[in-house]
Every structure is written in C-alpha cells, then in structure tokens.
Amino acid sequence: GVAAHLDGKGIVTPVTGAADEYRIHQLFAELLLRELRRLDPDREPVLRRAAALWEDVHGDADAAVEQALGAGDVELAARIVYRHHSRMVLSGQIATLERWIDSFPPGSCDSDGLLALSAGWAALSTGRATDLRHHLDVARGLELDGPLPDGTQRFELACTALEMISAFDGVKGTARNAQMLVDAGEQAGPWAV
C-alpha cells in the first residue's frame, strides 16, 4: 500500500536530535504544495518567506536560500547569502556559496550589492581575479542603506574590505583601504580593528 510507495518511511518522522521538529516525506510535501497552489496560490510566497526566515534563524542557510528564492524574494535570499558568506569562505565551503549564487535569476549579481559582494568573495577565494574585479566594480556602483547582515554599518565599508583584501590597488591602496576601516571603528563590523 502507501507504505511501499514511501520507501518504508512514515509520512511524518521526528528530526534526529530535535525535540519539537518533524520532517514530512517528500511525496507528501509535493502533494501539499500542489494542493496549496490549487487552493490559494498567493499564499505560497508568504509561507516560503516565513520558512526562509525560520530556516535562517535555526541554522539551515541552505534551506533558507532555497525558500527565499522559491518565494521570488531575491533581496531576502541575497541578505541570507551575505550573512553567511564569510563563514562559507573561512570554512572552505566555496562550492556551496557558488551554488547559492548560481541559483539566483540571471543578472542578480549585477543589480544586488550584497550578492555582488558575496560573489566577489567567492571569486577571490577561487582565484578568479577578472570575476572579482567585475563584482567589486558592480558593488561600488550600487548603493545600499542601513546596516548589513554581518554588522557592517555602511555598504561602502563592506566594499572597502573586499577591495583591501583583493589588493588590486597595490600596497598603497591596500593601506589606504585598511586605514578607512580603522577610522570607521565599530561601524566596520567584522572588519573593525
């Protein structure tokens, strides 16, 4: 019967190590999604946005990015990617970072500053200088208000940090960029010295 179609798994199973979390079988999830789309198609993006925020808060950035993009919320997805990009770079998870970036609609890196910076960090990590320069130039041409997801208070400072690490402007330019971050103090977020 039904159990044979579910590969011996239940429809709802507890998540290992989580007291109040459950996972539903993929076939059942697909059935529920089809039913939602049939009955209330405008609700799907709302639910996906909520799921993206929940997944991000609970440590599943991969699912958070997928849900945000599934909702069509490129800005939210870019914020999630940016919030996690430095951890991904430092832990050597560049392939995952690049997979996230590649999952965005075409042209997103050229219109979203946070995504451009994240793509720049990925390019830096893989030694793609031409791509790094392109993403940095794109980011420098965009504006973003308010604090960034990593605690940096101004978008310009985040661009300066990537430019400093890239060393495109030689020793003097790198020193100038480093001084800008030092002068910014706490506003430089993770780049504060």
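Shown above is the structure to which this text applies.
Residues numbered from 1 in each chain as written. Predicted model: local features only at pLDDT ≥ 70, side-chain atom pairs only at ≥ 80, totals over all residues. Heavy atoms only, no water.

### As for unusual backbone geometry
Despite not being glycine, Ala-167 shows a phi value in the positive range, around 60 degrees. Structurally, the position occupied by Ala-167 is in the loop between helix 9 (155-166) and helix 10 (170-184). Judged by its relative accessible area of 39%, Ala-167 falls in the partly exposed class. (Helix = DSSP H or I, 4+ residues; strand = E, 2+ residues; numbered from the N terminus. Buried < 20%, exposed > 50% of the residue type's maximum accessible area, 1.4 Å probe, protein only.)

### Observations regarding the layout of surface pockets
Of the voids in this model, the largest pocket is the one considered here, and its volume is about 950 Å³. Lining the largest pocket are 22 residues; nearest its centre among them are Ile-24, Gln-26, Ala-29, Glu-55 and Gln-67. Mapped by element, the contributors of at least two residues to the lining of the largest pocket are strand 2 (22-24), helix 2 (26-39), helix 3 (43-57) and helix 4 (61-70). Tallied by class, the residues present in the lining of the largest pocket amount to 11 nonpolar, 3 polar and 8 charged. (1 Å grid on protein atoms, 1.4 Å probe; cavity = no way out; pocket = protein on both sides within 12 Å on 5 of 7 lines; lining within 4 Å. Points joined across faces, edges and corners; volume = space filled by probe spheres on them. Nonpolar A, V, L, I, M, F, W, Y, C, P; charged D, E, K, R; others polar.)

### Some details on the environment of Val-65
With respect to the secondary-structure elements, Val-65 resides in helix 4. Here Val-65 falls in the buried class, since its relative accessible area comes to 1%. Sequence-wise, Val-65 and Phe-28 are 37 residues apart; in three dimensions their C-alpha atoms are separated by 22 Å. For Val-65, the contacting residues outside a window of four places in its chain are Ala-77, Ile-80, Val-81, Trp-100 and Ser-103. (Contact = heavy atoms within 4.5 Å.)

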